[in-house]
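Inside the fold
Listed below, chain by chain, are the residues.
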Amino acid sequence: RPQPRASPRAAARAGRLRLNEQPVHDLDTVLKNNDFLRNTVHRHEPPVTAQPIQILVEDDSVVVVDKPSSLPVHPCGRFRHNTVIFILGKEHNLKELHTIHRLDRMTSGVLMFAKTAEVSKRIDEQVRQRQLEKEYVCRVVGEFPENEVVCEEPILVVSYKVGVCRVDPKGKSCKTIFQRLSYNGKTSVVRCLPHTGRTHQIRVHLQYLGYPIVNDPIYNMRAWGPERGKGGKIDKTDEELLKALVEEHRSKQSLDVLGISEEDLSPNAENKECGNSSDCMESVQVDPINGNSCPAEDTKDPERGEIPACLQNSDTNLETLEKNKQSSSCEIWDGPVGERGSEEKDPLCVECKITRRDPSPKELVMYLHALRYKGAEFEYCSKMPEWAMEDWEE
């Protein structure tokens, strides 16, 4: 992640910066060929659900899991440990898996991995030839029409950085078929059959139809306007829309949903590559379209606390942190991983100084679930999620 210029100086003074395994004392040292420079860094990952990954099928060819919401498929952006790939390797010893398809980070459900390149290539060909049948289920706002609804509006990516799309004539062609399953007087459960695989296709088409997913953290937000994007009515430029989305999540202390942090909103933030997954978002800058920064006023909240002064002048405060490291707290929790208070505080880490509220389990779930994937030689299904039951009430 982007670091203030004072970081190398503080790391060197703390003995963490090493050149050929020797402490670096002079930062003006010129590196030579084959020199090995190492720095010990402290990482923070956004919170994810504690719900375990359920393995639906495992044989010599594939591994099929029921992915919980909030977990990205593979390491990207700020996520490393809290990813499906990493957890399967660490907890189930399933390594060197080949990704066949992806699900949005907030989408749950059937996720397939191939164990060999040959199997991956075979199934990938079915995906490319659109021979793969996909069935999703979601819960949307309002009373969805009883009859089958077909949406073929083209979808355009507004920003790869933030991960936002919208309906636009200049977008890519796509098609989704919707069928209502139930209605409880407030919200509807809808079966979704995407015939193409555009980024956020189901979510964008539902928003366009005027029935956004109940708790969609992007496409059911006030930032889209009074009608929340129904019929493609936004009345904002792409730049204004992105800034409004960032502001709305910032006020709710939920920037992690967009894959960004307060650090990313600073003028010194730089882009980081995040792979091709639509779940992954790069750093947001003042102008999310052109890659400049997008500053906004901090919202004070008694649960979160004010942004510490060290964020306002990171260079100066990193030096202060390093000088005062003897008196700084550096606690290590010896209890089981996942217990409240399980954390390590680094005196040189700016983010360690920020107090954030923990999201509730409800905030880590979006009501969109991949229910079934069917190919020429296979069919994999998961259970219907609890929120999709006919008598369910929030």
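What counts and how
- Residues numbered from 1 in each chain as written.
- Predicted model: local features only at pLDDT ≥ 70, side-chain atom pairs only at ≥ 80, totals over all residues.
- Heavy atoms only, no water.
- UniProt positions renumbered as here; feature names shortened; annotations may be inferred.
- Helix = DSSP H or I, 4+ residues; strand = E, 2+ residues; numbered from the N terminus.
- Buried < 20%, exposed > 50% of the residue type's maximum accessible area, 1.4 Å probe, protein only.
- Contact = heavy atoms within 4.5 Å.
- Areas by Shrake-Rupley, 256 points an atom, 1.4 Å probe, with all protein chains shown as cover.
- Polar contact = N/O pair within 3.5 Å; in protein donor to acceptor, adjacent residues only side chain to side chain.
- pLDDT = per-residue confidence, 0-100.
- Core = buried A, V, L, I, M, F, W, Y, C linked by side-chain atoms within 4.5 Å.
- Pairing = 2+ DSSP bridges.
- Phe/Tyr/Trp six-rings, centres within 6.5 Å; stacked < 30°, edge-to-face > 60°.
- Salt bridge = Lys/Arg side-chain N within 4 Å of Asp/Glu carboxyl O.

The chain has the name Pseudouridine synthase in an unreviewed UniProt entry, where Struthio camelus australis is given as its organism. Quoted verbatim from the Sequence similarities (unreviewed entry) field of the UniProt record, the comment on the chain reads "Belongs to the pseudouridine synthase RluA family."

A separate point is the overall build of the chain. Secondary structure summary: the chain contains 7 helices and 15 strands in total. Split into buried and exposed, the 394 residues of the chain put 46% on the buried side. Of all intrachain contacts in the chain linking residues separated by at least 6 positions in sequence, the fraction that spans at least 24 positions is 61%. Just so you have it, the chain exposes about 21100 Å², and 45% of that area is on carbon and sulfur atoms.

Within the element layout of this structure, Q207 appears in helix α4 (residues 201–209). A distance of 3.3 Å separates the side chain of Q207 from the backbone oxygen of R228, its partner in a polar contact. Those residues in contact with Q207, other than ones at most four positions away along the chain, are P212, Y219, W224, R228, G229 and K230.

Here we come to the confidence of the model for the chain. Averaged over every residue, the pLDDT of the chain is 80; residues scoring 70 or more account for 77%. The weakest mean pLDDT in the chain belongs to helix α6 (residues 309–312) at 34; the strongest belongs to strand β9 (residues 149–151) at 98. Note that pLDDT drops below 50 for residues 268–341; the model gives that stretch 151 contacts with residues more than four away or on any other chain.

Turning our eyes to something else, we now look at the nonpolar core. One finds M112, F113 and F178 to be the most contacted residues of the largest nonpolar core, which totals 49 residues. With 5 residues, the single largest contributor to this core is strand β7 (residues 108–114). If sequence neighbours within four positions are ignored, F178 has contacts with F144, N147, E148, V149, C151, V190, R191, C192, I202, H205, L206 and L209.

Before going further, it helps to spend a moment on the UniProt feature "active site" (unreviewed entry) in the chain. Here the UniProt-annotated "active site" (unreviewed entry) positions come out as D104. Along the chain, D104 turns up in the loop between β6 (98–99) and β7. Judged by its relative accessible area of 12%, D104 is buried.

This next bit is on the pairing of strand β4 (residues 54–58). As paired strands, β4 and strand β5 (residues 62–67) are joined by 4 bridges and run antiparallel to one another. Paired with E58 across the two strands is V63, which belongs to β5. Remark: 3 residues form the turn of the hairpin made by β4 and β5, two consecutive strands paired antiparallel.

Before going further, it helps to spend a moment on the pairing of strand β11 (residues 164–167). Neither face of β11 is exposed, since V164 and R166 on one face and C165 and V167 on the opposite face are all buried. Relative to β11, strand β10 (residues 155–159) runs antiparallel, the two being bridged by 4 bridges. Looking at β11, one finds that S159 is bridged to V164. Counted along the chain from β10 to the antiparallel partner β11, the turn is 4 residues long, and its residue G163 has a positive phi close to 80 degrees.

Evaluation of the coordinates by the stated rule reveals 7 aromatic pairs. Here Y136 and Y373 contribute two aromatic rings whose centre-to-centre distance is 6.3 Å and whose plane-to-plane angle is 65 degrees, an arrangement assigned as edge-to-face. Pair noted here: Y136 is in strand β8 (residues 133–141) and Y373 is in strand β14 (residues 368–374), with a separation of 237 residues, a long-range link. Summarising the burial analysis for this pair, Y136 and Y373 share the class buried. In textbook terms, an aromatic cluster arises when at least three aromatic residues are bridged by ring pairs, as seen for F144, F178 and Y211.

This part covers the pattern of salt bridges. Enumeration according to the criterion identifies 18 salt bridges in this entry. Residue R203 pairs with D216 through a salt bridge whose shortest N-O separation is 2.8 Å. In this pair, R203 sits in helix α4 while D216 sits in the loop between α4 and α5 (238–251), placing the two residues 13 residues apart along the sequence. Each member of the pair, R203 as well as D216, is classed as buried. Look at the salt bridges and you will find they share partners, linking E133, E135, R191, R372 and E379 into a network.

Turning to α4, a few remarks are in order. Of all the 9 residues making up α4, 7 are buried; the element is thus mostly covered by neighbouring parts of the structure. Turning to α4, its buried residues number three or more, namely Q201, I202, R203, V204, H205, L206 and Q207. Just beyond α4, the residue with positive phi is G210, at close to 90 degrees.

Turning our eyes to something else, we now look at helix α2 (residues 84–92). Along α2, the residues that are buried comprise V84, I87, L88 and G89. Close packing links the buried residues of α2 with β5 and β7.

Even without being glycine, E21 reaches a positive phi, approximately 65 degrees. Tracing the sequence through the fold places E21 in the loop between β1 (18–19) and β2 (22–23). The phi dihedral of N93 falls on the positive side, at around 55 degrees, and the residue is not glycine. Secondary-structure assignment places N93 in the loop between α2 and β6.

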